Amino acid sequence: MKEKYLITNQHIKKELKQRPGGNRTPRYAVAHDTGNPGSTARQNFNYFNSRPLEASAHVFIDDKEILVIIPLHEKAWHVRSNVSDANEWAIGVELCYGSSINFSEAYNRYVWFFAYLCEKYQWNPEICIKGHFQLDPKRRTDPLNSFHQYDKSFPFFIEDVKYELKKRLVNHDEFKETATSPDNLFKVQIGAFSSRENAQKLAAKAKAAGFAVYIEHN
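The rules behind these values
Residues numbered from 1 in each chain as written. Predicted model: local features only at pLDDT ≥ 70, side-chain atom pairs only at ≥ 80, totals over all residues. Heavy atoms only, no water. UniProt positions renumbered as here; feature names shortened; annotations may be inferred. 1 Å grid on protein atoms, 1.4 Å probe; cavity = no way out; pocket = protein on both sides within 12 Å on 5 of 7 lines; lining within 4 Å. Points joined across faces, edges and corners; volume = space filled by probe spheres on them. Helix = DSSP H or I, 4+ residues; strand = E, 2+ residues; numbered from the N terminus. Nonpolar A, V, L, I, M, F, W, Y, C, P; charged D, E, K, R; others polar. Core = buried A, V, L, I, M, F, W, Y, C linked by side-chain atoms within 4.5 Å. Buried < 20%, exposed > 50% of the residue type's maximum accessible area, 1.4 Å probe, protein only. Contact = heavy atoms within 4.5 Å. Phe/Tyr/Trp six-rings, centres within 6.5 Å; stacked < 30°, edge-to-face > 60°.

Going by the annotation in an unreviewed UniProt entry, the name recorded for the chain is N-acetylmuramoyl-L-alanine amidase, with Fictibacillus arsenicus given as the source organism. The heading Catalytic activity (unreviewed entry) in the UniProt record of the chain holds the text "Hydrolyzes the link between N-acetylmuramoyl residues and L-amino acid residues in certain cell-wall glycopeptides."

Draft legend 1. Geometry of the layout of surface pockets. Of the volumes computed, that of the second largest pocket is approximately 450 Å³. Surrounding the second largest pocket, 23 residues form its lining, Ala55, His78, Glu94, His132 and Arg140 being those nearest its centre. Of all the elements in the fold, those that place two or more residues in the lining of the second largest pocket are strand 2 (28–33) and helix 1 (41–48). Per-class residue counts for the lining of the second largest pocket are six nonpolar, nine polar and eight charged.

Draft legend 2. Layout of the nonpolar core. In terms of nonpolar packing, the biggest core is built from 56 residues, with Leu117 and Phe157 touching the most fellow members. Of the residues forming this core, the biggest block, 13 residues, is contributed by helix 3 (residues 103–121). The residues touching Phe157, leaving out its near neighbours within four places in the chain, are Ala31, Tyr107, Tyr110, Val111, Phe114, Ile129 and Phe147.

Draft legend 3. Focus on unusual backbone geometry. Backbone torsion omega between Asp142 and Pro143 reads 5°, so that peptide bond is classified as cis. With respect to the element layout, Pro143 can be found in the loop between helix 5 (132–135) and helix 6 (144–147). At Gln122, a residue that is not glycine, the phi angle is positive and equals roughly 60°. Note that Gln122 resides in the loop between helix 3 and helix 4 (125–128). With a relative accessible area of 74%, Gln122 lands in the exposed category. Even without being glycine, Asp151 reaches a positive phi, approximately 60°. Relative to the elements of secondary structure, Asp151 occurs in the loop between helix 6 and helix 7 (154–179). Exposure remark for Asp151: the relative accessible area of 75% places this residue in the exposed category.

Draft legend 4. Quick peek at the packing of aromatic side chains. With the rule as written, the count across this model stands at 17 aromatic pairs. Both rings, one in Phe147 and one in Phe157, keep their centres 5.4 Å apart while their planes meet at 55°; by these two values the pair is tilted. Of the two residues, Phe147 is situated in helix 6 and Phe157 in helix 7; the sequence distance between them amounts to ten residues. Grouping residues by exposure puts Phe147 and Phe157 together as buried. Feature note: the residues Phe103, Tyr107, Tyr110, Phe114, Phe133, Phe147, Tyr150, Phe154 and Phe157 constitute an aromatic cluster, connected by ring pairs.

Pasting the structure below:
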């Protein structure tokens, strides 16, 4: 299915200390806002890619882009390590806001991306989405910085994510039903590999998603 929004992967340089590396399966996501009104996703990428810093996040979202600057399977320094294990296990997602940004458009992308993560990792939004303000309440108030300026609350945000997730799952089921109907037979090639092992790995993922799979070898 075609996604509602484009996710752009443009990663900051590996040698920067704000990209510590690692290879983990994320367990939850943390909702942030930039705390820097008016800064765009692209401007934040340029900033984090330009110098050594003590902090980082995986994703920046504004009214035009969903920009992944650190791969989701890597660590990022987005919550103090002495108050949470978020750096080790969570995806940090930053909302860009301010007078130069259409908040409604940015918020819709923000909600959609969290729903996308919940589908991708099979998370319950009520359990697996944390606000930065919840993890570090003595020092941080985001994403409430931005939410409260536009009459949003964190529980309202979670409900929006749940609704978006429900729409994604319904659309996915409808797609599967149509594609596998006896009246419709379509063949879709999703990969071509020189390595049979790699072909089998992708076939396993497709089978797990509920699709009939076979491997041809020419």
